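# Observations on chain architecture
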Amino acid sequence: MSFKWPLINDNISSKDIDTLVDFLKTPGVRLTQGQKVKEFEEAWSRWLGVKHSVFVNSGASANYIMTAVARDIKGFGEVIVPPLGWVSDIAPVVNLGMTPVFVDVDMRCLSITAENIENAITEETRAIVLVHALGFNGINDKIVQIAKDHNLLLIEDCCESHGATYKNKKIGSFGDMSNFSFYFGHHMTTVEGGMVCTNDDKIYELCKLYRSHGMIRDASDKTRKEYAKNYPDLNPLFTFAVPGFNMRSTEINAVIGLSQIGRLDSAIDKRVKNLSVWLNSLDSKYFHIDFEVEGNSNFSLPLILKEADSDAFSKICRVIEEEGVEYRKGTAGGGNQANQPYLENFSHKIVGNLDNVEHIHHFGLYVGNHTELRDEDISGLAEKINTVF
């Protein structure tokens, strides 16, 4: 189906394509993971303000790597997770033998709250997964301190929130590790791709191991020498330190990423402006517009009813459809992940109520936000939606 206003636009430019073609024409060019991947990792680390970045084939793969690293460092146990986010925030937890513990979100930033996190901590807790949903910042000093006080790993999922900030510092640099997605339609794209980021040398080594079958080939000289000494009967080229995955990306994806990163900041600025127009155009009597917008890098334009009203929500959906606008109910990840059938055969917990995410699940949606939108497109749709009431 074709939409006048699609959910996402492919932001691969003609310049990106020309850059890629020139690279492909290079004599003897290598296409599997190589120098361009390393260059992109270094460029991303500089942009984010972290020590290390590891480029992988998707943001979801990055989630798996971070969970595996958390399990290696802290052991099996519970991981506090948000019910609002993508399935890949939860699936690695259950598939790698950990127990997800769901807590409710804050309506102002759509991320889990410090109070709810603290209430869910037990002797079995090993890590906290904080998702910065829809481009809103979800981190604060109290959450960082809770993780430190309880000796928990703090994992930031920034897949929808490239460039969001807290106290003028980019999110993804507060936790022990973070991930970003470069999927089609995100703030920038490598077609498929993701990044794991950290300031911790040990975590960095583990991320590289897990990315590539667990092999020590990409590890530091120090790590390779340690394994050669401890396992002298093994071929260093085929020494598998951890039960890793194959989640490498390619030089092709890295070349596109290097081409796009230069215009990332301007794309974020446009998305932030679009959100401001959207929230200022919605009727505050009927719609939740009291978001924590400071430091946002909006991914999509949220629409959440203040009060539960199924009839009004259905009418709003019809108005959006009549305008040729693509949308998604439930906002991030389709709403409450704790309701999903994949959890039925796995151990999981819910601490407290999930009232906020349940309201968002049934009475929330989002429409796409991209740099080509005009102010009048955004305000015009909001004004038509307001007429439902």
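Structural data are supplied above this passage.
This section reports on the structure supplied with the text. (Residues numbered from 1 in each chain as written. Predicted model: local features only at pLDDT ≥ 70, side-chain atom pairs only at ≥ 80, totals over all residues. Heavy atoms only, no water.)

## A short note on the overall build of the protein
Note the threshold: Put simply, DSSP marks the helices as runs of H or I at least four residues long and the strands as runs of E at least two long, and each gets a number from the N terminus on. Just to be clear, the radius of gyration here is over C-alpha atoms, and the globule rule we use is 2.2 Å times residues to the power 0.38. Throughout, exposure labels follow a simple rule: accessible area from a 1.4 Å probe, protein chains only, divided by the maximum for the residue type, with under 20% read as buried, over 50% as exposed, and the rest as partly exposed. Should any heavy atoms of two residues lie within 4.5 Å, those residues are considered in contact.
Along the backbone of the protein there are 13 helices and 13 strands. Relative to the compact-globule value of 21 Å for 389 residues, the protein shows a C-alpha radius of gyration of 21 Å, a close match. Sorting the 389 residues of the protein into buried and exposed places 55% on the buried side. Taking all contacts inside the protein whose residues are at least 6 apart in sequence as the whole, residues at least 24 apart take part in 74%.

## What to know about the pairing of strand E4 (residues 125–131)
Spelled out, the test is: The pairing criterion for strands is at least two bridges between them, as found by DSSP. Handedness is read with the strands pointing away from the viewer; a crossover is right-handed when the path from the first strand over the helix to the second is clockwise.
Extensive coverage of E4 is indicated by the burial of 7 of its 7 residues. As defined by bridge partners, strand E2 (residues 78–81) adjoins E4 across 3 bridges and the pair is classed as parallel. Paired with valine 79 across the strands is alanine 127, a residue of E4. Across 5 bridges, the pairing between E4 and strand E5 (residues 153–157) is parallel. Counterpart to alanine 127 in the pairing with E5 is leucine 153. In this region the chain leaves E4, passes through helix H6 (residues 141–149) and returns to the parallel neighbour E5; the handedness of that crossover is right-handed.

## Describing a nonpolar patch on the surface
Spelled out, the test is: Exposure above 30% relative accessible area and the absence of a salt bridge qualify a residue for a patch, where like charges join within 9 Å and nonpolar side chains (Val, Leu, Ile, Met, Phe, Trp, Tyr) within 5 Å. What sets the accessible areas is the Shrake-Rupley method with a 1.4 Å probe; for residues, cover comes only from the shown protein chains. Here, a salt bridge means any Lys or Arg side-chain nitrogen found within 4 Å of an Asp or Glu carboxyl oxygen.
Residues Leu237, Phe238 and Phe240 make up a contiguous nonpolar surface patch of about 320 Å² in total accessible area. By the element assignment, leucine 237 lies in the loop between helix H8 (221–230) and helix H9 (251–260).

## Side note on the packing of helix H10 (residues 264–281) against helix H13 (residues 375–386)
Where we set the bar: Helix axes are fitted to C-alpha atoms over the stretch in contact, other axes to C-alpha atoms as well, and angles between N-to-C directions run from 0 to 180 degrees. For classification purposes, an angle smaller than 35 degrees is called roughly parallel, one larger than 145 roughly antiparallel, one from 65 to 115 roughly perpendicular, and anything else oblique. Take the far helix as your reference; a near helix turned counterclockwise from it by less than a right angle gives a left-handed crossing, and one turned clockwise gives a right-handed crossing.
At a minimum axis distance of 8 Å, the contact between H10 and H13 shows a crossing angle of 25°. For the element pair H10 / H13, the angle class is roughly parallel. Along this stretch, H10 crosses H13, giving a crossing that reads as right-handed. When H10 is examined against H13, the residues Lys273, Asn274, Val277, Trp278 and Ser281 are found in contact with a partner set consisting of Asp375, Ile378, Ser379, Leu381, Ala382, Ile385 and Asn386.

## Some thoughts on empty space enclosed by the protein
Note the cut-off: For each structure, a 1 Å grid was placed over the protein atoms alone; sets of points admitting a 1.4 Å probe that cannot get out are labelled cavities, open sets with protein on both sides within 12 Å along at least five of seven lines are labelled pockets, and lining residues have an atom within 4 Å of a point. Grid points are joined across faces, edges and corners, and a volume is the space filled by probe spheres set on the points. Polar here means any residue outside two lists: the nonpolar Ala, Val, Leu, Ile, Met, Phe, Trp, Tyr, Cys and Pro, and the charged Asp, Glu, Lys and Arg; Gly therefore counts as polar.
All told, the structure shown has 1 cavity of 30 Å³ or more when counted by the stated rule. In terms of lining, the largest cavity is formed by Asn63, Met66, Thr67, Ser88, Asp89, Pro92, Val129 and Ile155. For the lining of the largest cavity, the class distribution of residues is 4 nonpolar, 3 polar and 1 charged.

## Some words on the environment of threonine 198
As a reminder, the rule being used: Whenever a nitrogen or oxygen atom comes within 3.5 Å of another N or O atom, the pair is scored as a polar contact, on the condition that within protein one atom can donate a hydrogen and the other can accept it, and that pairs from neighbouring residues in sequence are kept only if both atoms are in side chains.
Its location among the elements puts threonine 198 in strand E9 (residues 194–198). Between the C-alpha atoms of threonine 198 and leucine 237, which are 39 residues apart in sequence, the distance is 26 Å. In this structure, threonine 198 is in contact with Val50, Lys51, His52, Asp176, Met177, Ile203 and Tyr204, ignoring residues within four places of it in sequence. Of the polar contacts made by the side chain of threonine 198, one reaches the backbone nitrogen of aspartate 200; its length is 3.0 Å.

## Structural notes on the nonpolar core
Note the cut-off: Among buried residues, the Ala, Val, Leu, Ile, Met, Phe, Trp, Tyr and Cys ones that are joined through side-chain atoms within 4.5 Å form a nonpolar core.
Ranked by size, the top nonpolar core spans 117 residues in total, and within it Trp44, Trp278 and Val367 carry the most contacts. Once residues lying within four places of it in the same chain are set aside, the contact partners of tryptophan 278 are Leu301, Pro302, Leu303, Val367, Ile378, Leu381, Ala382 and Ile385.

## A short note on the pattern of salt bridges
Between side chains of opposite charge, a pair can form when the charged atoms approach closely. Evaluation of the coordinates by the stated rule reveals 16 salt bridges. Between lysine 51 and aspartate 201 there is a salt bridge, with its nearest N and O atoms 2.9 Å apart. A residue pair is termed long-range when its members are at least 10 positions apart, and lysine 51 in the loop between helix H2 (35–48) and strand E1 (52–56) and aspartate 201 in helix H7 (residues 201–211) qualify at 150 residues. The exposure class assigned to lysine 51 is partly exposed, which follows from its relative accessible area of 49%. Under the relative-accessibility criterion, aspartate 201 is labelled partly exposed at 42%. Residues participating in the shared-partner salt-bridge network are Arg108, Asp290 and Glu292.

## Examining the sheet that holds strand E10 (residues 300–304)
In spatial order, the strands read E10-E13-E11; together these 3 strands make up an open sheet with antiparallel pairing. Looking along the sheet, the strands with just one partner apiece sit at the ends: E10 and strand E11 (327–329). Between one strand axis and the next, the sheet turns through 20° on average, direction left out of account. Pairing between E10 and strand E13 (residues 364–368): 5 bridges, direction antiparallel. Along E13, the bridge assignment pairs leucine 301 with valine 367.

## A closer look at the side chain of histidine 187
Along the chain, the position of histidine 187 falls in the loop between strand E8 (177–181) and E9. Looking at histidine 187, its side chain comes within polar contact range of the side chain of histidine 162, at 3.4 Å. Reaching out from histidine 187, the side chain makes a polar contact with the backbone oxygen of serine 297 at a distance of 2.5 Å. For histidine 187, the contacting residues outside a window of four places in its chain are Asn11, Glu160, Ser161, His162, Leu264, Ala267, Ile268, Arg271, Ser297, Asn298 and Phe299.

## What about the packing of aromatic side chains?
The description of an aromatic ring pair rests on the distance of the ring centres and on the angle between the ring planes. Where we set the bar: Classification of ring pairs uses Phe, Tyr and Trp, with its six-membered ring standing for Trp, and accepts pairs whose centres are within 6.5 Å; under 30 degrees between planes counts as stacked, over 60 as edge-to-face, and the remaining range as tilted. Distance and angle both matter: a charge sits over a ring if NZ of Lys or CZ of Arg is within 6 Å of the ring centre and within 35 degrees of the ring normal.
Under the definition given, this model contains 16 aromatic pairs. Seen from their ring centres, phenylalanine 40 and phenylalanine 182 are 5.5 Å apart, and the 55° between their planes marks the pair as tilted. Of this pair, phenylalanine 40 sits in helix H2 while phenylalanine 182 sits in the loop between E8 and E9, and the two are 142 residues apart along the sequence. When the centroid spacing of 4.7 Å and the interplanar angle of 35° are considered together, the rings of tryptophan 44 and tryptophan 47 count as tilted. With tryptophan 44 and tryptophan 47 both in helix H2 and 3 residues apart, this pair spans about one turn of that helix. For the pair shown, tryptophan 44 and tryptophan 47 are each scored as buried. Pairwise contacts between aromatic rings join Phe40, Trp44, Trp47, Phe55, Phe180 and Phe182 into one cluster. Here arginine 217 stacks its cationic end above the ring of phenylalanine 238, 4.9 Å away from the centre of that ring.

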